[in-house]
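Next come the chains, spelled out residue by residue.
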Amino acid sequence: MGHTDIATALNDLLFTPGLDLHEAADRHFAPDYRQRTDGRWDDRQEFLTHIAHLRTVVAGGSVEVHDELTDGNRYADRHTVDITKTDGSAVRMEVYLFGEFAPDGRFNRVEETTLMLDGDESDRNLGSAR
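Heads up: these notes are all about the structure in this document. (Residues numbered from 1 in each chain as written. Predicted model: local features only at pLDDT ≥ 70, side-chain atom pairs only at ≥ 80, totals over all residues. Heavy atoms only, no water.)

Some thoughts on the environment of Asp87
Checked against the element boundaries, Asp87 lands in the loop between strand S4 (74–85) and strand S5 (90–101). Looking at Asp87, the relative accessible area reads 57%, which means it is exposed. Sequence separation of Asp87 and Leu10 is 77 residues, and the distance between their C-alpha atoms is 20 Å. Within the structure, Asp87 has its side chain in polar contact with the side chain of Ser89 (distance 2.6 Å). (Helix = DSSP H or I, 4+ residues; strand = E, 2+ residues; numbered from the N terminus. Buried < 20%, exposed > 50% of the residue type's maximum accessible area, 1.4 Å probe, protein only. Polar contact = N/O pair within 3.5 Å; in protein donor to acceptor, adjacent residues only side chain to side chain.)

Shown next as structure tokens:
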């Protein structure tokens, strides 16, 4: 069975206007999904609250995957996210991610660390902002 990947998931979640948040999440994240970003654990509902907030501040952007590895149900990647915010400012973040797939190929766990490359200091917590 195939599996999702983080670039496709982020494009659906953040950069596809008009795609319902829950539909996008259901494509890529299992019902028991949980995520740790920069040391903070969130369950699926907390993750969706985070994404809903980002959808109010993100006007557009892109994801560039630099390294990606899958091994069975394990996933790892290093990617850069470029974001243009609704106020016109820009943020660039590098993300180091380890994840695990559910049997159906969706993510059931992601642990990531973010590194802000460009942007305002107030955007440093964008990876976990609510």
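From this point on, the discussion continues.
Describing the nonpolar core
With 32 residues, the main nonpolar core has Leu13 and Phe107 as its most contacted residues. At the level of secondary structure, the elements contributing two or more residues to this core comprise helix H1 (6–14), helix H2 (21–28), strand S1 (29–37), helix H3 (44–57), strand S3 (58–71), S4, S5 and strand S6 (107–118). Among the elements that line this core, the one with the most residues is H1, at 6 residues. Look past the residues within four positions of Phe107 in its chain and what remains in contact with it is Thr4, Asp5, Ile6, His28, Phe29, Ala30, Tyr33, Tyr75, Glu100 and Phe101. (Core = buried A, V, L, I, M, F, W, Y, C linked by side-chain atoms within 4.5 Å. Contact = heavy atoms within 4.5 Å.)

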